[in-house]
Each structure stands twice: as structure tokens, then as C-alpha cells.
Amino acid sequence: MHPAMSPVYLTFETLRGAAIHPLLPALARLRIAVFREWPYLYEGDEAYERRYLRAYADAPGAAVVVCRVGKEVVGAATCEPMTQGHAPVRAAFEAAGLDPREHCYFGESVLLPEYRGRGAGVRFFAEREAHARALGLHHAAFCAVVRDPADPRRPAGHTPLDAFWCKRGYAPRPDLAVTFSWREIGGAAETSHTLSFWRKDLRA
């Protein structure tokens, strides 16, 4: 058996509120590590990340699905009612005639490279969708950064996640987009990035 695929026991737990606080440092480091990769190329700051993630602990209805190997946090996925999330996201949906009150917004889904390909991504979606249904929300949506396929920074052999997302029942909505800014690796200042949405009807 290839060492990278040796047996590993992943555990998952959905946390809300104060239960998230003790994990903020680990979650912040995880986001920084994973989002440094293509396609985000994000130059993260741990203090900012902790503040960002603390919002999930403080928001009613928000949840973080944590993946561990033993006691080590190796992955996480976030979700919250769209009405409690980023204002630009709500505005994009309202402009398209979609009601944010019916949607659960899925934020990040991050996993260390050595634990990929073991079903964590499927579990992250299943747990967040279950949480959304428990809140009475009818739709789930997330956004992903739009990159030029010809960008020279794109790693050779990179496989987009589009097919995986489609298999989970999500449909691309290129008409729905939002702009966020962050500093890329090696950059001196933040730059704007377009992210487009994927959406699923949870009643189907």
C-alpha cells in the first residue's frame, strides 16, 4: 500500500457556539496553510483568521464541522444562515431575485493535503447539509474563486473540483458572483478577486 494512503481514522464533529473557541488557533493555522495553495494563493494572517473564525462561534445558527486524526485538527468546513453572513453575498442573491433567508451559506472547506481522497469532502457536505435542513433552510450555496486556466501559476496536473461538486448535486451559477479582496503570496497589497457561486436545492 502506498504510504500516503495508509489507513487513517478520520473523526468528524459538528460544533456550534462556545465549543468552537478552543479550536480557533488550530482552525486559523489550517485555513492559512490550505488557502496558500492554488487557486487562492492567500497570504494569511493568524490574528485576522482568528477574528474571522470567531464570527462563526458568535453567530446563532452557524456551525463548524471539524475533522480530526486523533486530537489533531486536520480539516474543517463552515456554514451559517446566509442572513448572518457576508453582506456582499446577500446582496448578490437579492440582486438575482433569490431570498437569502432560504439559503445556508457554506464558507470554507479545508483539509490538509495528506488526508485528501479519503471521503472527508463528501462528509463535509453531508454534515453541513444536515445542519442546514435542521435550521429549516431550503438551499445551500458556496462560492469559489474564478481563475484564468492559462494562469502560469496554476500547478501542472491541477484538477478543478467542478466534477466533485456536480456529483454532490450542486449546479454552477455563473450569473451569481461576488468580489472579495485578499493579499496573494508575494503581494504587497490586497487585490480584488471574483468568486462565482454553486447552488443546491436541499428539498430535492
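Described in the following lines is the structure provided in the data block.

## A short note on the pattern of salt bridges
Moving on, step 1. The tally for this structure, following the rule as stated, stands at 15 salt bridges.
Moving on, step 2. One salt bridge in this structure joins glutamate 108 and arginine 31, with 2.2 Å as the shortest N-O distance. In this pair, glutamate 108 is assigned in strand 4 (residues 103-111) and arginine 31 in helix 1 (residues 24-35), connecting sequence segments 77 residues apart. For the pair formed by glutamate 108 and arginine 31, the shared burial category is buried.
Moving on, step 3. Three or more residues joined by partner-sharing salt bridges are found here, namely Arg147, Asp151, Arg153 and Glu184.

## Description of the nonpolar core
The tendency in soluble globular proteins is for nonpolar side chains to be buried as a group.
Moving on, step 1. Ranked by internal contacts, the top residues of the largest apolar core, which has 60 residues, are Leu27, Tyr40, Phe93, Phe106 and Phe197.
Moving on, step 2. If we skip the residues at most four places from it in the chain, phenylalanine 197 touches Val89, Phe93, Tyr105, Ala141, Phe142, Cys143, Ala171, Pro172, Arg173, Leu176, Ala177 and Val178.

## So, the sheet that holds strand 4
Backbone hydrogen bonds are what pair the strands of a sheet, in a parallel or an antiparallel way.
Moving on, step 1. Strand order in the open sheet formed by seven strands is 1-2-3-4-5-7-6, and the pairing between neighbours is mixed. Edge strands, defined here as strands with exactly one partner in the open sheet, are strand 1 (10-15) and strand 6 (171-182). Pairs of neighbouring strands in the sheet enclose a mean axial angle of 25°, with direction left out of account.
Moving on, step 2. Bridge count for strand 6 against strand 7 (residues 191-201) is nine bridges, and the pairing is antiparallel. Directly across from phenylalanine 180, in strand 7, lies its bridge partner histidine 193.
Moving on, step 3. Against the sheet, helix 4 (residues 120-134) engages strand 1, strand 2 (63-69), strand 3 (72-81), strand 4, strand 5 (139-145) and strand 7, with an angle of about 155° to strand 4.

## Some words on the packing of helix 1 against helix 2 (residues 46-58)
Moving on, step 1. As a packed pair, helix 1 and helix 2 sit with axes 9 Å apart at the nearest point and diverge in direction by 115°. Comparing the axis directions of helix 1 and helix 2 gives the class roughly perpendicular. In the packing of helix 1 onto helix 2, the handedness of the crossing is right-handed. Mapping the contact onto sequence places Leu24, Pro25, Leu27, Ala28, Arg29, Arg31 and Ile32 in helix 1 and Glu46, Glu49, Arg50, Tyr52, Leu53 and Arg54 in helix 2.
Moving on, step 2. Counted by class, the contact of helix 1 with helix 2 contains seven nonpolar, no polar and six charged residues.

## Details of helix 2
Think of an α-helix as turning once every 3.6 residues; residues three or four places apart then point the same way.
Moving on, step 1. Helix length check: helix 2 (13 residues) gives 18 Å between terminal C-alpha atoms against 18 Å at 1.5 Å per residue, within 8%.
Moving on, step 2. For helix 2, every residue scored as buried is listed here: Glu49, Tyr52, Leu53, Tyr56 and Ala57. Buried residues of helix 2, viewed axially, fall in a sector of 160°; they line one side. Turned more than 90 degrees from where helix 2 packs its buried face, Arg51 and Asp58 sit exposed.
Moving on, step 3. The inward-facing, buried residues of helix 2 abut helix 1, strand 2, strand 3 and strand 4.
Moving on, step 4. Its side-chain oxygen at 3.3 Å from the backbone nitrogen of alanine 47, aspartate 45 defines the N-terminal cap of helix 2.

## Brief notes about the side chain of arginine 68
Moving on, step 1. Structurally, the position occupied by arginine 68 is in strand 2.
Moving on, step 2. A polar contact is formed between the side chain of arginine 68 and the side chain of glutamate 13, at a distance of 2.9 Å.

Rules of the game
- Residues numbered from 1 in each chain as written.
- Predicted model: local features only at pLDDT ≥ 70, side-chain atom pairs only at ≥ 80, totals over all residues.
- Heavy atoms only, no water.
- Salt bridge = Lys/Arg side-chain N within 4 Å of Asp/Glu carboxyl O.
- Helix = DSSP H or I, 4+ residues; strand = E, 2+ residues; numbered from the N terminus.
- Buried < 20%, exposed > 50% of the residue type's maximum accessible area, 1.4 Å probe, protein only.
- Core = buried A, V, L, I, M, F, W, Y, C linked by side-chain atoms within 4.5 Å.
- Contact = heavy atoms within 4.5 Å.
- Pairing = 2+ DSSP bridges.
- Axes fitted to C-alpha atoms, helices over the stretch in contact; angles between N-to-C directions.
- Parallel < 35°, antiparallel > 145°, perpendicular 65-115°, else oblique.
- Left-handed = near helix turned anticlockwise from the far one by under 90°.
- Nonpolar A, V, L, I, M, F, W, Y, C, P; charged D, E, K, R; others polar.
- Expected span 1.5 Å × (residues − 1).
- Arc of directions from axis to C-beta.
- Polar contact = N/O pair within 3.5 Å; in protein donor to acceptor, adjacent residues only side chain to side chain.

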